[in-house]
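Residues per chain, in single letters:
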Amino acid sequence: MAPLLVLGLALCLSGTWAVDKGNFKTCEQSAFCKRQRALKPGESPYRALLETMELTNTRLTLQLINDNNKVRLLLELYRLQGNITRVKINELKPLKPRYEVPDVLIREPTTEPLSVLSQDENGVVLSLGVESQRVIISARPFRLDIMEGSDVLMSLNSRGLLAFEHLRMRKDTQADPEAEKKEEADPANQAETTKEEEEKVEDGMWEETFKSHTDSKPNGPSAVSLDFSLPGVEHVYGIPEHADTLRLKTTDNGDPYRLYNLDVFQYELYNPMALYGSVPVMVAHSAQRTTGIFWLNAAETWVDISSNTAGKTVFGKMLDYVQGSSETPQTDVRWISESGIIDIFIMLGPTPKDVFSQYASLTGTQSFPPLASLGYHQCRWNYNDQEDVKSVDAGFDEHDIPYDFIWLDIEHTDGKRYFTWDPHKFATPKEMLQGLMDKKRKMVAIVDPHIKVDGNYKIHNEIRSRGFYVKNKDGGDYEGWCWPGSASYPDFTRADMRAWWASMFAYDQYEGTMENLYTWNDMNEPSVFNGPEVTMHKDATHGAWEHRDIHNLYGLYVQMATAEGLIQRSGGVERPFVLTRAFFAGSQRLGAVWTGDNAAEWGHLKISIPMCLSMGLVGISFCGADIGGFFKSPSTELLVRWYQAGAYQPFYRAHAHVDTPRREPWLFGPENTALIREAVRQRYTLLPYWYQLFYRAHVTGEPVMRPLWVEYPQDLATFALEDEYLIGRDLLVHPVVEEGARGVTAYLPGKDEVWFDVHTFQKHNGAQNLYIPVTMSSIPVFQRGGSIIPRKLRVRRSSTCMEHDPYTLYVALNLQRTADGELYIDDGHTFNYEKKEFIYRKLTFANKVLSSVNLAPDAKFTTDSWIERIIVLGASKPSKVTLKTADGQEKQLEFDFDASMSVLTVRKPGMNAGADWTMTFQ
Amino acid sequence: LWLLVCLLLKLFSAVEVQRPRGVPLSKRQFYEEGKPFTCLDGSRTIPFDRVNDDYCDCQDGSDEPGTAACPNGSFHCTNAGFRPTFIPSSRINDGICDCCDTTDEYNSGATCQNTCRELGRKERESLQKMAEIAKEGFLLKQQLIHEANRGLEDKKAKLGDVQGSKKDLEAKVEALRTVKEAAEQPEREAKERHLKAWEDQKALIQKEKESARMAEVFLELDDDADGFVSVPELLSHSELDPDADGSFTEAEAQGLLGGVDKVDTAAFESIWSNVKEKYMSESNADTPAPEETSREEINEPDEDDDDEEDEDDDRDEHEYKVSSLNFPSNLSRTEEKKDDDEGAMPPYDQETQNLIDGKNAFKTELFNFGFGICFRNLEKEISFDFGPSSEFAYLYSQCYELTTSEYIYRLCPFNRVTQKPKFGGSETNLGSWGKWAGPEDSIYSVMKYEHGTGCWQGPSRSTTVKLTCGKETVVTSTSEPSRCEYLMEFTCPAICQEPPNLEISSHEHQEL
C-alpha cells in the first residue's frame, strides 16, 4: 500500500494517475549528488603513497592522499576466494568512525594470498593468483586496473572521480559556538585542519531543505564516490529496484539511477527514480565475459552510467567494425553515496553463473521457500471479515481453482495495531485458520514496522519502555504518520530489538495465530507519510548512527527479524515465509519480494518481467508483481493476461487496492474463469520444476527466472531481450502482454537447439524469431530440446494436497537425441533438508536409455510419489520399452506413439520417484 | 417420528448395487465387470482392469471415476441419508473429507466421519422450518395484496379529487397573488433603488462565474474527454432526469441535449439552462453546490420567479416537491445565505428592510397552503412497480433500520438506502431506488439502489437488497463486499411464494 491518505488527496485534486515526481528528489535536489555530479572527469587529486604500502598474507594496505586538501585515505585490497577482489577506502583518521554495513555479508569473506609481481615509483603490480590476472596500482594519479593477460577488465578512478568528503568540524558562520570551542580545544585537530586548503562551504553541506523538511546534517558532508570503467562492455544490468528496462540505460541526459528505499505512490514506468528496494549490485556482460560490482553502502546512492557507443547508430558501429578503426566499446559507471565508506567487491566472473556464485558467496543465496508458497496467493486490501475469507475460500473450491494462501491486509488488525485482530471482524482467528488448515491451505497476515503510539497497546509500551524505538535528532522517540496515525518505528538495526520482535511471533504472544499463518512486511522502507520523501528523516538516529547511514538496510532488518520469529515459533523446524516490499543486498536470504504498488495497466504487466529479471540477477529470485495491478481496475483481458504471465513468474499473488471492485477469478463470466483456472493449473503442474529450481537457487545463487543471455552468453541477440525469459535453463516463456494481441514473436536461442511448444509439442528450431499466433488462451512457453522436466498433472485444490501425487516426466530430445534433468523431493516445509532428508536425482536420456541416478547418495528421504507417465518429445517409435528397476526386475511397458508430433507416451511405469531405474527404448 | 421410521425402513431395504468406485447409478450400465470399457466419449476402448487403475486412459476421464488420475474426472458420492453429489476427482484421497459418506477418502489416511444422516436431518429441519415460514408468510402476503389493492383504489380516487380541487386552489392562489403584488409594489421600488448599482456589478461577476461553471460542468460530464457531452455521459447523472421519476431515459437525455446525441462546448452553451440547475458536481455531490447559494442570492430580490428546487430537500425523508407553484420553503435560509464569494451586499436601509419583512410575513401565509405536496406524492406513488399484485406496496414510505457495530443502516424501500455512523457524523446515501434486479424467473427477489454518494476514485455507491421470505419485515444483514457496493439482506412476507403441499422430503427418498 501507499500513503494514499496524504498523497491521495493531492492526486484527487490534480486528477492524474502518474507519480507526483515533486515529492521525490532529483539529483539536483539532493545536495551531495549535486555536489558530486558537478565533479567532471579529469585528473584525480588523489595520489597513492607507495611508501606506506603494507602487504600481509591476506591484505594490502596503502595510503592515498588528496593533494588539494592533504586528507589521507586508507585503501585496503583483498583477494577473496572465488575470483573476487575487495577494495575498501576509508579516511585514514576520520573525526569519528564512518559507517560500515554490517549483517549483509554472510561471513567475513575468505581471503587468498596476494603477491607483488613488480613495483617501482609509478606503481605496483600484484598477482591475483589465477589466470594471469593482475592488479595494477598506479601512484599518480591514483588508479587501479584489473588485468587479465593484456586485457583490462576493469579500471577504478580512471576518470578521476574518486571523491571522499572527509568528516570535518563546522566552520561556516552558522556553526554553533560550542562546536567551535571544541575545535579550538583540540590543538591536534586544529593543526590538521589548518593544513587543509580552504574548503569551499557549499549550500547543503550542513543543512538541506526539501519541501518543508529540513535535514540538520550534524556531521556535515560525508559523501563518497568512485568511477569504474568497463572496457569491452556495452551491456550493464542490475541495481534494482527501478521500473525500467532490463538493460540499464545511460544516464548522461537525465538523472542517475537512484537507490533509496522509498514508498512511491503510483510509480512511473521507464524511469530511474528510486523505488521500494535497493541492491547496489551491477552486472556487466559482454560476449567475452561477465563481471559484477557490489557497492556495499546502505546510504542514499546514485549510479551514473555512460557509454562511448550509446550514441552510435548500428550503422556507425558497423562502419567502425569494417574500418577496424573503432575504439573499444566501453561503459563507464560512477557510484555516489551520501555517507559511509567505499567498500566494493569486484566479481570477475568470467561466466554469468560464476558471478552469481561469487555474489552468493558474499551475501548468501535465495532462501528455500516452503513449497506451498510457490503456489497461487489470493490477496486483496482487504478481505473484510472471517465470513468473507470463508466465502472466498469456498469460491475457489466451487470454481475448482487451486490456491494455497489467502492474505489479510491492514484492516484485519484492531485499529492498525499489528499482532492484533479486529475484535468484530476477526473475532475467532484460530477458527478461521483451522478452517483453512482443514483444506490444507494457509494464510498470510500483514505486520508492518510502524507501531501505533498508544498507551494501551502492549507492543508499543514494550518497545518504548525498552528504548527500542528509533530516536529523532533531539533524542526522543521518533514519531511519524502512517496507517495507524501517529506511529513510532522500532530500531531494527539493534540485534536485541530484532530478537525481541522475533519473540513476538510466538504462538502465546501473537494471539490467534497457528502454524499456517505467515507474515507480510509492508511499508518497511520505512514509509512515513509525513516524512521527507515519504520516509524517515535522515537525522533520526539508530544508536551511534544516523538514519542517513543505514536507510537502505532498514527493510532488510525488518524482514530478518520477522523471518527469525517464524523460525523460532516452530522451534527451528519450519521454513518461514515472509514477503517484503523494501529490500537490500542479502534480502534474498529472508523470503519473497514483490514489486510494490503497481497499477492495472498493460505497461505495468509488461515491466514486471524486467523488474523481476533485474532482481534475479542480483540474487533475489522470489519475485513477483501484483496480479491484475494494485491501483485501478483491470479490464478482463488484462486480468486474464496477467494471470497467465504471473503463472510463469516466481511469486504468484493477485492483489488489489481497497477502492477497486472485487476481482476474484470467477467474477468475469465462465469463459474468463476457465482461462484463469487453466493458467493457475499450469502453474500447479509445474510446481515440481519451480521447487527444484528454488532448491538450485538456494544452493548455487543462480536466478530462477533469468534473462536469455545467462544461458546464451555469446548470443548478442539475447542481450537486451526483456519480453521473454527463461525459467531455469529449460523453459522459455514469452507471455502475451499487449492488449488485443493476435500473435507474439519469440526469439528461440541456440543455433543447434530445438524447442518444443509445451502445449502442442510442436518442435521449432533455435536461433530464429518465431511468430506465434495467439488467442486468449495462449501462453507461449517452450521446453528446450535436451531437457527433462518433472510435472504433477493431478492438480488439486492446494499444493499440499498434491504432496503424494505421481510425476509425469517430460523428456524433450535435442538434435543429438539426448536430454537431462533433475528431480528434487523433500517434505516441502521444514529445514530437514539441511539434515540431508531429501531426494535429489539426475535424469538422463542417452543412447535410447532413460535413467534416474542418485545425485545425493548420502541423503535419505522416502516418498509415496511414483512415476505415472513419461512423455518423450521428438521421439521415434520404439518397438518396445523396458523398465529395469534396482532389484533387477524387468518389465515391458505399454506406450502410445503419436507419429504426427513425434510424441511417445509411456504408460504407467509405476516406479517410485526416489528409486534407481533405467528405461530402454528399443 | 413417522418420517424417521419411514426413512430408516427405506435405508435398510436399499440394496447397494455393485459398480466401480465413483460411478453413479445412472451410469452403471457403461461399466460392466469383465467386459472391455469404452470411454464415455467413445474415443477408445480399454480392458476392464484399466477402469480405476489409477492411470488416465480416456480423454474424458471416464475410465477413472474412482481415482484422481484424470484431471477432468468426477466422483460420485452416494451420501446415503443426505443428497448424492459429484465432486471433482482431484478431491479423491487428498486428505480432505468432501463426501459426507466418507467415500472420497478411501486411501489417504484421513479419518472422516459419516455425517450424512446428521446433515440430512438438519436439512429436513431447515426445509420444514422454511416451509412453515413460507406458509405463514404467504398468508400475510395475501393480506398485503388485499390491502394494497384497496389502498390503490383509494389513492386513485383521491388523486382524482385532488386534480379536481387543484383548479379551485389555483384560482385562489391567483387571487392571492394579485393582493401580494400590490403589497409588494412599494418594497420593490425601494429595493430597486438600492440595488441598481450593486446588481450591475454582480451580474458581471455572475456571468463570468456562470461560464466558468459551465466549462467545468462540461469537462466533468465529458467522461471520455472527447470534446463532446453525449447521451450516455449525461445518463450517469440521474439528478438531471427532467421528470425526476427515477428513470432517466435516453430520450430524456437527448431532450436535454436539444434533440441531438452529443454536443460540443458551443452547443452546450445553448442547452446550459436545461442542465445547470439540477446538475450535481461529481466532486462534491453530497454537499450543496456553492453555485446554488449564489444563484439564490441573485434571485432573492425578485423571488416570484423563484422556481428552483431546494437541493437540501434531497436529504429529507420525503423529497416531494411542490410542483405547480413553488414557494421558498425555508425563510431562515435566505437570511443565512447573504454571504458568498461575490461579497456581501450592503445592508438595506431601515425603511427598505421593513418593507421586506412585511413581504416575508405574507409569503409564510402563502406557503401554508402547501396543497401541491399531496398531489405530487400520490402521482409518484401510483407510478411504482409494487410487484405483480402490489404486494410490496406496504413498504412504500416505510423505513427499516439495522444497527451494526459501527453504523446505522436504513432501508427506505422505493426511496433510498443510507448509512449513518452510530456515534455521530453525517449520513451517506448508499443509493436511491433504481429497479427490481432479480434473475429473470424471480425479478422481485432483488432490489437495486443506485447513484448514491460518490466514492473516491470509484463509482457512486450502490446497494443490492436481497429479499427472502419471512414473517417479519426486517433488514437482517448488511455488508460491503466490494468498496462502495453494499449488500443488504431483507426479509419480508411479500416475497413468500405459495408453499408446495407439505410432502417436502418425498423427492429425497427417491434418491436413496
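Residues numbered from 1 in each chain as written. Chains lettered and ligands numbered in written order. Predicted model: local features only at pLDDT ≥ 70, side-chain atom pairs only at ≥ 80, totals over all residues. Heavy atoms only, no water.

- As recorded by an unreviewed UniProt entry, chain B carries the name Glucosidase 2 subunit beta and is attributed to Oreochromis niloticus.

- The name an unreviewed UniProt entry gives chain A is Glucosidase II alpha subunit, with Oreochromis niloticus as the organism.
- Recorded in UniProt under Sequence similarities (unreviewed entry), the annotation for chain A is "Belongs to the glycosyl hydrolase 31 family." (UniProt positions renumbered as here; feature names shortened; annotations may be inferred.)

**Re the pattern of salt bridges**
Residues and elements named next belong to chain A.
Okay, so step 1: Tallied over the entire structure, the rule returns 79 salt bridges over all chains.
Okay, so step 2: A salt bridge links Lys 249 to Asp 244; the nearest nitrogen and oxygen atoms lie 2.8 Å apart.
Okay, so step 3: Classification of Lys 249 by relative accessible area gives partly exposed; the value is 34%.
Okay, so step 4: A salt bridge links Glu 711 to Lys 353; the nearest nitrogen and oxygen atoms lie 2.8 Å apart. With Glu 711 in helix α17 (residues 708-711) and Lys 353 in helix α6 (residues 352-363), the pair connects residues that are 358 residues apart, well separated along the chain.
Okay, so step 5: Glu 711 sits in the buried class, given a relative accessible area of 17%.
Okay, so step 6: Three or more residues joined by partner-sharing salt bridges are found here, namely Asp 215, Arg 258, Glu 300, Glu 338, Glu 533, Lys 538, Glu 546 and Arg 548. (Salt bridge = Lys/Arg side-chain N within 4 Å of Asp/Glu carboxyl O. Buried < 20%, exposed > 50% of the residue type's maximum accessible area, 1.4 Å probe, protein only. Helix = DSSP H or I, 4+ residues; strand = E, 2+ residues; numbered from the N terminus.)

**Looking at the side chain of A:Gln63**
Residue and element names in this part refer to chain A.
Okay, so step 1: In this fold, Gln 63 is placed in strand β2 (residues 59-66).
Okay, so step 2: Judged by relative accessible area, which is 16%, Gln 63 ranks as buried.
Okay, so step 3: Apart from the residues lying within four places of it in its own chain, the contact partners of Gln 63 are Arg 47, Ala 48, Leu 49, Thr 52, Arg 72, Leu 73, Leu 74 and Leu 92. (Contact = heavy atoms within 4.5 Å.)

**Describing the state of the cysteines**
Okay, so step 1: On inspection of all chains with the given rule, the structure shows nine disulfides over all chains.
Okay, so step 2: Linked covalently through their sulfurs, B:Cys39 and B:Cys58 form a disulfide whose S-S length is 2.0 Å. Judged by the torsion about the S-S bond (-80 degrees), the B:Cys39/B:Cys58 disulfide is left-handed. Of the two residues, B:Cys39 is situated in the loop between β1 (37-38) and β2 (45-46) and B:Cys58 in the loop between β2 and β3 (74-77); the sequence distance between them amounts to 19 residues.
Okay, so step 3: Here B:Cys100 engages in a disulfide with B:Cys116; their sulfurs sit 2.0 Å apart. Its S-S torsion of approximately 100 degrees makes the covalent link between B:Cys100 and B:Cys116 right-handed. Of this pair, B:Cys100 sits in the loop between β4 (85-88) and α2 (116-221) while B:Cys116 sits in helix α2, and the two are 16 residues apart along the sequence. Taken as a pair, B:Cys100 and B:Cys116 share a single burial class, namely buried.
Okay, so step 4: The connectivity of the disulfide-linked cysteines in chain A, indexed sequentially, is 1-2, 3-4.
Okay, so step 5: Cysteine A:Cys379 is unpaired, with the sulfur of A:Cys623 as its nearest cysteine sulfur at 16 Å.
Okay, so step 6: Summary of cysteine pairing: A:Cys482 is not part of a disulfide, and the nearest cysteine sulfur, belonging to A:Cys379, is at 17 Å. (Disulfide = S-S within 2.5 Å.)

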